[in-house]
Amino acid sequence: MRIESTFGYNFIGACHIVPFSVDIPIFILLPLRNKMKNHRIQILFRSMLMALIIVSYAAAQNISGKNIVSISNTTGIKMITIVPGSFTMGSGRSGFNLDKKTDFSKDAPYYDEAPVHQVNITYPFSMSETEITIEQYRLFKKNYKGGNAFHPYVSGISWNDANEFCEWLSKKEGKPYRLPTEAEWEYACRAGTTGLFWSGDQSPKADTNPWGFKNMASGVAEWCYDWYGPYTANTQTDPVGYKKSWTKVVRGGPANTTEMNEHTLAFQRVSEFAFYRSSNRASLQPDCPAAGSENVKSHFIGFRIVQGPLPKTTATDYLSGFPMQGNSKHKFCVSRSQYGTTLF
């Protein structure tokens, strides 16, 4: 028996439907058809049929690790749903030649990108196609002014503010939203690839990866859910980072950059390709800049979101280390006061 159908998620809002057909052996359906008078059996039958359709669709399309469908919630945030899969996390390269050599250029992966290890993602999740825009963020915080460095995307906010946005959106939509785990972020960024970038060993000219995610190799740096810490060589399943640390993980670019010279301490946007590789890591304190503070210099971090509950994996035990490891150049929160400038 051939069933012509459509497949799509409808748990957030409007969705893009993917049409397909699937062959289901008739001997599966005939025994159940005679029992359909029972309401509970009807529900069970429909659930079994939908599960069979989804599995058959995934097998037919070979979509392990690929997006199934894109959806938009009531705030206009477009989400892309991807299915479970495995990937190699981190960098095994000894070096690369991506940028002009300077005193600050990054010519090899930092130590925190190793060891390379396998990560298994055992659940589907939906992540926003792009970073949250200024317009979308203003629905949560009307007085946010934004900056021009990464317009139209929000930047220069703390991890705490990004997390509060997710909590606000969860209440508004009636569904759980959160920041992506570091593993989810790299899984989506790589989109089944293994090079320095999703496009290979050269930075993409048009930054939309094979799964439809945009700006992951060129846009604003993004907060992740995890506390920052070193990798281990062990295979991990649905990792959620450390129980506690100094800083929160930043992906998709450097956290910020202070040009340390005699002329300025102003933060500048980083353009070096090396900091936008799929495995590049950075970190910063979750309250930097402190909410409402006029003495803390802004950074360039923004964020994208995930719809779905956090994996129930036990976080790794806390391992004390030096704060803000894995950042580019000189990355600090800068506090100006009558006693001078403090870097921390």
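Summarised in this report is the structure supplied together with it. (Residues numbered from 1 in each chain as written. Predicted model: local features only at pLDDT ≥ 70, side-chain atom pairs only at ≥ 80, totals over all residues. Heavy atoms only, no water.)

Helices and strands together make up the secondary structure of the protein, namely five helices and 16 strands. The buried share of the protein, taken over its 344 residues, is 49%. Sequence-distant contacts, at least 24 apart, represent 72% of the contacts inside the protein between residues at least 6 apart. (Helix = DSSP H or I, 4+ residues; strand = E, 2+ residues; numbered from the N terminus. Buried < 20%, exposed > 50% of the residue type's maximum accessible area, 1.4 Å probe, protein only. Contact = heavy atoms within 4.5 Å.)

What follows covers the packing of aromatic side chains. Per the stated rule, a full pass over the model turns up 13 aromatic pairs. Pairing Phe-140 with Phe-165 gives two aromatic rings, centres 5.8 Å apart and planes at 90°, and the pair type is edge-to-face. Placement of the pair is Phe-140 in the loop between helix 3 (134-138) and helix 4 (159-173) and Phe-165 in helix 4, with a sequence separation of 25 residues. The interplanar angle of 50° and the centroid separation of 5.8 Å between the aromatic rings of Phe-140 and Trp-168 together place this pair among those described as tilted. Here Phe-140, found in the loop between helix 3 and helix 4, pairs with Trp-168, found in helix 4; they are 28 residues apart in sequence, far enough to count as distant. Among the aromatic side chains, those forming a connected cluster through ring pairs are Tyr-137, Phe-140, Tyr-144, Phe-165, Trp-168 and Phe-303. (Phe/Tyr/Trp six-rings, centres within 6.5 Å; stacked < 30°, edge-to-face > 60°.)

Attention now goes to the pairing of strand 6 (residues 85-89). Burial of the side chains of strand 6 is restricted to one face: Gly-85, Phe-87 and Met-89 are buried, whereas none of Ser-86 and Thr-88 on the reverse face is. As paired strands, strand 6 and strand 7 (residues 117-121) are joined by five bridges and run antiparallel to one another. Among the inter-strand pairings, Gly-85 is bridged to a residue of strand 7, identified as Ile-121. (Pairing = 2+ DSSP bridges.)

Moving on: the pairing of strand 10 (residues 222-227). Walk down a regular strand and you will see the side chains alternate between the two sheet faces. Most of strand 10 is tucked away: five of the six residues are buried. Where strand 10 lies against strand 12 (residues 248-251), three bridges are found, and the strand directions are antiparallel. Within the sheet, the bridge partner assigned to Trp-223 lies in strand 12 and is Val-250.

A separate point is the side chain of Ser-279. Relative to the assigned elements, Ser-279 resides in the loop between strand 12 and strand 13 (282-284). You can call Ser-279 buried: its relative accessible area is 4%. At 2.8 Å, the side chain of Ser-279 forms a polar contact with the side chain of Glu-113. Among the polar contacts listed, one links the side chain of Ser-279 to the side chain of Arg-277, at a separation of 3.1 Å. Residues within four places of Ser-279 in sequence aside, it is in contact with Gly-90, Ser-91, Glu-113, Glu-186, Arg-190 and Arg-251. (Polar contact = N/O pair within 3.5 Å; in protein donor to acceptor, adjacent residues only side chain to side chain.)

Right, let's talk about the environment of Ala-206 for a bit. Along the chain, Ala-206 falls in the loop between helix 5 (182-190) and strand 10. Through-space distance from the C-alpha of Ala-206 to that of Ser-218 is 9.3 Å; in sequence the pair is 12 residues apart.

Enumeration over the complete set of coordinates arrives at 11 salt bridges. The salt bridge partner of Arg-277 is Glu-113, with a shortest N-O separation of 2.7 Å. Taken together, the positions of Arg-277 in the loop between strand 12 and strand 13 and Glu-113 in the loop between strand 6 and strand 7 put the pair 164 residues apart, joining distant regions of the chain. Overall, Glu-113 belongs to the buried group, its relative accessible area being 0%. The residue Asp-317 makes a salt bridge to Lys-243 at a minimum N-O spacing of 2.9 Å. With Asp-317 in the loop between strand 14 (306-307) and strand 15 (334-337) and Lys-243 in the loop between strand 11 (236-237) and strand 12, this residue pair connects regions lying 74 residues apart in the sequence. Its relative accessible area of 52% is what places Asp-317 among the exposed residues. Through salt bridges with shared partners, a single ionic network connects Glu-182, Glu-186, Arg-190, Arg-251 and Arg-281. (Salt bridge = Lys/Arg side-chain N within 4 Å of Asp/Glu carboxyl O.)

What follows deals with the sheet that holds strand 12. Taken together, the three strands give an open sheet; going across it, the order is 10-12-13, and neighbouring strands pair in antiparallel fashion. Strands at the two margins of the open sheet, each flanked by one partner only, are strand 10 and strand 13. Adjacent strand axes in the sheet meet at a mean angle of 40°, parallel and antiparallel pairs treated alike. (Axes fitted to C-alpha atoms, helices over the stretch in contact; angles between N-to-C directions.)

Here the focus is the nonpolar core. Core analysis: the largest hydrophobic core is formed by 26 residues, its most contacted members being Ile-132, Tyr-137, Phe-165, Trp-223, Phe-303 and Ile-305. Those elements that place two or more of their residues in this core are helix 3, helix 4 and strand 13. The biggest single contributor to this core is helix 4, with five residues. Every residue in contact with Ile-132, bar those within four places of it in the chain, is listed here: Ile-77, Tyr-137, Tyr-153, Val-154, Phe-165, Phe-303, Arg-304 and Ile-305. Counting 23 residues, the second-largest nonpolar core is a separate cluster that includes Ile-80, Phe-125, Tyr-187 and Val-249. (Core = buried A, V, L, I, M, F, W, Y, C linked by side-chain atoms within 4.5 Å.)

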